[in-house]
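Each chain, letter by letter, is given below.
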Amino acid sequence: MGCTVHDFLYVGALNVYIDQELLKVLEAWRCRVCSAVLAGERPMGPISSTEGLKEVVTGEDERWLAVARRGAGSLPPDVLLVRARKGQEFSVEAIDEEDSRLLVRDDWSVVRASDGSPPKTVAVYDLLSQLKGYIDLSTWPPKAFTLQRRSAVEGDLKPL
């Protein structure tokens, strides 16, 4: 069910760290009427209330993904928000050229577009399942933690 004017309710935040330094905060809001999701990527420092907000995702065929990339040389480690659909290819700047083009499969897992293997320098998380937590990029793979309850089927937090 869609709506013409969304009534968003704050869902939570995902803090992105390197050791104890907070780099940015990823946030999400969900519409009370139609369940559309609005995501934001907030840098540290003074910002306006709308700075860093992305588009609204309205449906089960789209998701916001948090893509953590390993840093090296002049490319710093980071977590980026990516709006994704099943079957869609997307690009991120990565230290391994093969990891820069990724494909979202029908089960929402993400693989290299070139050969279908899992990426080695990029870790992908579903934003809504990772909220109320943090990602620490000081180790690889990144340490990821959430306070959200998980079903016995989901088990430990793992990248998509």
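Heads up: the structure comes first, above all this text.
These lines cover the structure that appears in this document, whether it is placed above or below.

Criteria and cut-off values
Residues numbered from 1 in each chain as written. Predicted model: local features only at pLDDT ≥ 70, side-chain atom pairs only at ≥ 80, totals over all residues. Heavy atoms only, no water. Pairing = 2+ DSSP bridges. Helix = DSSP H or I, 4+ residues; strand = E, 2+ residues; numbered from the N terminus. Axes fitted to C-alpha atoms, helices over the stretch in contact; angles between N-to-C directions. Salt bridge = Lys/Arg side-chain N within 4 Å of Asp/Glu carboxyl O. Buried < 20%, exposed > 50% of the residue type's maximum accessible area, 1.4 Å probe, protein only.

## Quick look at the sheet that holds strand E4 (residues 53–57)
- Spatial ordering of the open sheet is given by E4-E3-E2-E1-E11-E12, a layout of six strands whose pairing is mixed. Each edge of the sheet is formed by a strand with only one pairing partner; in this case those strands are E4 and strand E12 (143–146). Ignoring strand direction, the axes of neighbouring strands in this sheet form an average angle of 15 degrees.
- Pairing of strand E1 (residues 8–18) with strand E11 (residues 133–136), which is carried by four bridges, proceeds in the parallel orientation. Paired with leucine 14 across the bridge in E11 is glycine 133.

## Thoughts on the pattern of salt bridges
- Scanning the entire structure with this criterion turns up 14 salt bridges.
- For glutamate 41, the salt bridge identified is with lysine 24, shortest N-O distance 2.5 Å. Of this pair, glutamate 41 sits in strand E3 (residues 37–43) while lysine 24 sits in strand E2 (residues 21–31), placing them 17 residues apart in sequence. Accessibility assignment for this pair places glutamate 41 and lysine 24 in one class, buried.
- Two residues, lysine 54 and glutamate 41, come together in a salt bridge whose shortest N-O distance is 3.6 Å. Placement of lysine 54 in strand E4 and of glutamate 41 in strand E3 is noted, with a sequence separation of 13 residues between them.
- Look at glutamate 41 and you get buried, because its relative accessible area is 16%.
- Linked through salt bridges whose partners overlap, the residues forming this network are Glu55, Asp61, Glu62, Arg83 and Arg85.

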